[in-house]
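What follows is each chain in one-letter form.
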Amino acid sequence: MPRREKEKSYAIRGALVCLGGIIGPILIAVAFTLPIEAGAAREHTQLMTALPDAHSAGTGATALVSGRISNQTPLLRGDFVAYRRQQVRGTYRLGTETVTIDSGTQPLTIETDAGPVRIVNNDYRFEDAHVEWAAAEAVDTPHTLTEAMIKIRGFQRSTPVVAVGRVEQAGEVVSVKAEFIVAGPRDAYLKRLGDASQSRVGTVLLIAAIGVLLLLYAVWEGRRIYRD
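Rules of the game
- Residues numbered from 1 in each chain as written.
- Predicted model: local features only at pLDDT ≥ 70, side-chain atom pairs only at ≥ 80, totals over all residues.
- Heavy atoms only, no water.
- Helix = DSSP H or I, 4+ residues; strand = E, 2+ residues; numbered from the N terminus.
- Buried < 20%, exposed > 50% of the residue type's maximum accessible area, 1.4 Å probe, protein only.
- Contact = heavy atoms within 4.5 Å.
- Salt bridge = Lys/Arg side-chain N within 4 Å of Asp/Glu carboxyl O.
- Core = buried A, V, L, I, M, F, W, Y, C linked by side-chain atoms within 4.5 Å.

A.B. asks: Before we go on, may I ask you to explain the overall build of the protein chain in this structure?
C.D. replies: Counting secondary structure elements, the protein chain contains 3 helices and 10 strands. Each helix (α) and strand (β) of the protein chain, taken in turn from the N terminus, gives the series α-β-β-β-β-β-β-β-β-β-β-α-α. Burial status across the protein chain gives 34% buried among its 228 residues. Sequence separation of at least 24 residues holds for 65% of the intrachain contacts in the protein chain that already meet a minimum separation of 6.

Shown next, in the form of structure tokens:
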């Protein structure tokens with residue numbers, strides 16, 4: 001084989017070895033992470049399923065509120081009554097990340113089948129640990145020549161939500177200090193949690209197998225290049 005072609009062959013083989021040595025361990029790590037995330041989602045599902053409704057819980061108890069945001073709730077930005085503005089930054093080569101530019105929350109009323117529930121605080125969080133948290137999404141600022149699109153995500157009037165928090169006042173008028181709010185309604189939220197909690201064994205095994213094969217290839221081919 002001519003010298004130039006041989007050098008080109010070594011370069012290609014070396015690049016493949018590097019890719020296998022990098023991507024293989026990453027896939028193996030992902031395969032180990034998926035069951036851990038599924039287990040956390042399963043525990044969260046069990047906790048949410050056991051929570052009482054806010055109208056049946058006593059003062060001081062942690063309860064779940066499922067309903068729609070009142071049409072009387074003031075708008076904070078555009079059509080949103082609670083939101084998070086985000087932009088994807090970075091480059092394809094160097095990697096990208098989603099950056100939160102700002103967010104807005106406020107006390108609001110949730111209309112439930114048993115009556116209205118007042119969320120009295122504005123320091124609740126958006127629950128995005130296990131499932132998609134936002135009920136609505138819109139383009140806040142379109143792409144420009146120098147800036148990426150900014151999206152606004154969150155909750156609008158009449159959108160279904162689930163809130164979890166401590167009951168501040170029980171009885172005919174119910175008020176709750178919320179820990180978090182997430183897209184609902186309750187049954188849909190619990191179903192999404194249940195789906196997230198199911199460990200996809202086939203997917204985990206496939207990812208792990210590909211990772212191991214890539215790693216083995218990198219070791220085997222690397223030794224061949226070293227011997228040559």
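A.B. asks: Can you walk me through the side chain of Arg 84 in this structure?
C.D. replies: Tracing the backbone through its elements, the reader meets Arg 84 in strand 2 (residues 80-91). For Arg 84, the residues in contact, after removing those within four places along its chain, are Thr 100, Asp 102, Ser 103, Phe 126, Asp 128, Trp 133, Lys 151, Ile 152 and Arg 153.

A.B. asks: What exactly am I supposed to notice about the pattern of salt bridges here?
C.D. replies: A side chain of one charge can pair with a side chain of the opposite charge if their charged atoms are brought near each other. Under the definition given, this model contains 10 salt bridges. Note that Glu 132 is salt-bridged to Arg 153, the shortest N-O span being 2.3 Å. Of this pair, Glu 132 sits in the loop between strand 6 (125-126) and strand 7 (136-141) while Arg 153 sits in strand 8 (residues 150-156), and the two are 21 residues apart along the sequence. Accessibility expressed as a relative area gives 41% for Glu 132, which makes it partly exposed. A salt bridge links Glu 137 to Lys 151; the nearest nitrogen and oxygen atoms lie 3.1 Å apart. With a gap of 14 residues between them, Glu 137 in strand 7 and Lys 151 in strand 8 connect regions that are remote in the sequence. What emerges from the salt-bridge pattern is a single network uniting Arg 77, Arg 85, Asp 102 and Asp 140.

A.B. asks: Would you mind going over the nonpolar core with me for this structure?
C.D. replies: Core analysis: the largest hydrophobic core is formed by 35 residues, its most contacted members being Met 48, Ile 119, Tyr 124, Phe 155, Val 176 and Tyr 189. Secondary structure elements with two or more residues in this core: strand 1 (62-69), strand 2, strand 4 (108-112), strand 5 (115-119), strand 9 (160-169), strand 10 (174-183) and helix 2 (186-197). Examining the composition of this core, we find that 7 residues originate from one element, strand 10, more than from any other. What Met 48 contacts, discounting residues up to four positions off in sequence, is Leu 64, Val 164, Phe 180, Arg 186, Tyr 189, Leu 190 and Leu 193.

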